[in-house]
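# Results of the structural survey
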Amino acid sequence: MSSIKTAVSLYSFQDEYARGKMTLEDCLKELSEQGVEGVEIISDQMLHNAPFVLNEDVEKWRHLLQKHDIVPVCNDIFINTKLYRNRLLTKKENLELLKNELKLANRLGIKLVRLVSLTPTDIIEDALPLAEELDVVMALEVHGGMALDHPETKKFTDIMFRVNSPYLGLVVDTGIFCRKHPRVSTQFFLDQGLNKELADYIDREFAEGRDVFHISHPGHAPAEVQALIKSKIDQEYLIFAGGYENKPLSELDKYMPYIKHFHGKFWEITEEGIEYSIPYDEFISYLKEKNFDGYIASEYEGGRFALPGTEINAVSQVRAHQKMLKSLIKGVELNV
């Protein structure tokens, strides 16, 4: 039986947090007021000196969770292989970083870490004994631009299938199920001089059910697309467009037993209460059919397309996204 729960990634509030408009407690209080069950944190962003967080700060985190009745669901971690200007980190160094992150997750009471895309796969099996000991699952993010058919993602899933451990899995970002190019992104680039003919071309590709990933790099785009590239803004827009993949939900079929968590990516909740680009009604129905038991964490990314001087109101957008998710999970028909 499906048991879909909702969470919020604090990535959503990065602008408010970075500008001092919201503290970590403000974020958790907001989730509590919304009736959100779980929280996903980026410890590098919100916990000082991560992964070597002081015990007093860990205790404060645990106190805040208890105070606001929020479940710690996931920590988004980064294995930064490019710490030095003159070399990549060694396998030993990468493994040590991952082990430190697993230890932090355990101290924070979190049982799932999201491995960022391109996490070195040669350290995964060596870290697995510690993950098992600490009861922390390692799950690779499947993100737009690096969906399940991407060679680097496949390196991880090959290990995942072979090892078949409950401590290895996936965090799937719903940005791989875009049926429209996000219009907030389009407007952002149009305001900077994007060739509207190029934007119209990409919109038509989505409307006709095609995935634009394979034409999204100027050097690999077909001649008709190359002819529409008039500026650096056009080039940047086209590369961004490849991050909004248009995959069928059925691509998840064989991976469902390994999916630990979903990022509910969104850029814009419309006045009708739906996400402009992603068919969440179809997505939630699919999860119910597959008896998914886990969290969908709202992950607002529309703020990256705010022009200088424009206010970002992630809080209202997250509230609207949560309202949409809960309605769909309960089976309440949206007024569209």
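The paragraphs below set out a description of the structure included in this document. (Residues numbered from 1 in each chain as written. Predicted model: local features only at pLDDT ≥ 70, side-chain atom pairs only at ≥ 80, totals over all residues. Heavy atoms only, no water.)

### Examining the sheet that holds strand β4 (residues 112–115)
What counts is decided by this rule: When DSSP locates at least two bridges between a pair of strands, those strands are taken to pair. Starting at the N terminus, helices and strands are each numbered in turn, a helix being any DSSP run of H or I of at least four residues and a strand any DSSP run of E of at least two. Between N-to-C directions, angles cover 0 to 180 degrees, with each direction set by a line fitted to C-alpha atoms, over the stretch in contact for helices.
Overall, parallel pairing links the eight strands, which are arranged β1-β2-β3-β4-β5-β6-β7-β8 in a closed barrel. With direction set aside, neighbouring strand axes in the sheet form an average angle of 30°. Note that strand β3 (residues 71–77) and β4 share three bridges and pair parallel. If you follow Asn75 over to β4, its bridge partner there is Val113.

### Some words on the side chain of Glu40
We apply this condition: Working definition: with a 1.4 Å probe on protein chains only, accessible area under 20% of the residue-type maximum means buried, over 50% means exposed, and in between means partly exposed. Asp and Glu count as negative and Lys and Arg as positive, but His and the ends of the chain are not part of the count. What makes a salt bridge here is a side-chain nitrogen of Lys or Arg within 4 Å of a carboxyl oxygen of Asp or Glu, nothing more. Pairs of N or O atoms within 3.5 Å make up the polar contacts considered here, provided that, within protein, one atom can donate a hydrogen while the other can accept it, and that residues adjacent in sequence are counted only when both atoms are side-chain atoms. Contact criterion: two residues are considered in contact whenever any of their non-hydrogen atoms come within 4.5 Å of each other.
Locating Glu40 in the fold gives a position in strand β2 (residues 38–41). Salt bridges are absent for the buried Glu40, whose nearest opposite-charge side chain, Arg114, sits at 5.9 Å. In this structure the side chain of Glu40 is engaged in a polar contact, spanning 2.7 Å, whose partner is the side chain of His261. Once residues lying within four places of it in the same chain are set aside, the contact partners of Glu40 are Val8, Ser9, Leu10, Cys74, Asp76, His261, His263 and Ala297.

### Structural notes on the pairing of β4
Cut-off, in case you're wondering: If you view a crossover with the strands going away from you and the path from the first strand over the helix to the second runs clockwise, you call it right-handed.
A two-sided burial pattern is seen for β4, the buried positions comprising Leu112 and Arg114 on one face and Val113 and Leu115 on the other. A crossover connection joins β3 to the parallel β4 through helix α5 (residues 91–108); in handedness this β-α-β unit is right-handed. Here four bridges tie β4 to strand β5 (residues 137–142), and the two strands are oriented parallel to one another. Directly across from Val113, in β5, lies its bridge partner Met138. Of the crossover connections in this fold, the one passing from β4 over helix α6 (residues 124–134) to the parallel β5 is right-handed.

### Focus on the pattern of salt bridges
Per the counting criterion, the structure on display carries 24 salt bridges. A salt bridge links Asp293 to Lys5; its shortest N-O distance comes to 3.0 Å. Of this pair, Asp293 sits in strand β8 (residues 293–300) while Lys5 sits in strand β1 (residues 3–9); the two residues are 288 residues apart in sequence, bridging distant segments of the chain. Since its relative accessible area comes to 53%, Asp293 is described here as exposed. With a closest N to O distance of 3.5 Å, Lys265 and Glu299 form a salt bridge. On the criterion of sequence distance, the pair formed by Lys265 in strand β7 (residues 259–266) and Glu299 in strand β8 is long-range, its members being 34 residues apart. Residue classification places Lys265 among the buried residues on the basis of a relative accessible area of 1%. One salt-bridge network, held together by shared partners, links Asp173, Lys265, Glu299, Glu301 and Arg304.

### Comments concerning the nonpolar core
What counts here: Residue types Ala, Val, Leu, Ile, Met, Phe, Trp, Tyr and Cys, when buried and joined through side-chain atoms within 4.5 Å, form a set referred to as a nonpolar core.
Counting 109 residues, the largest nonpolar core has Phe13, Leu98, Leu102, Met138 and Leu170 as its most contacted members. Leu170 has contacts with Ala139, Leu140, Val142, Leu148, Phe156, Thr157, Met160, Tyr255, Tyr258, Ile259, Lys260 and His261, leaving out every residue within four places of it along the chain.

### So, helix α2 (residues 24–34)
The line we're drawing: Directions pointing from the helix axis toward each C-beta atom define the arc.
Buried within α2 we find Leu24, Cys27, Leu28, Glu30, Leu31 and Gln34. Angular distribution of buried residues about the axis of α2 spans 155°; they occupy a single face of the element. Buried residues belonging to α2 abut β1, α1 (14–18), β2, α3 (43–46), α4 (55–68) and α13 (314–330). Two residues or fewer past α2, Gly35 is found with a positive phi of approximately 80°.

### With respect to α4
Note that an α-helix has 3.6 residues per turn; residues three or four places apart therefore point the same way. Counted only if it meets this: Helix span, expected: 1.5 Å multiplied by one less than the number of residues in the helix.
For α4, with 14 residues, the first-to-last C-alpha span of 20 Å sits near the 20 Å given by 1.5 Å per residue. Buried-residue contacts for α4 involve α2, β2, β3 and α5. Just downstream of α4 lies Asp69, where phi reads positive at about 55°.

### Structural notes on the pairing of β1
Most of β1 sits inside the fold, with six of its seven residues counted as buried. Relative to β8, β1 runs parallel, the two being bridged by six bridges. Across the sheet, Thr6 pairs through a bridge with Ile296, a residue of β8. Sheet analysis places β1 next to β2, joined by three bridges and oriented parallel. Each bridged residue has a counterpart across the sheet, and for Ser9 the counterpart in β2 is Glu40.

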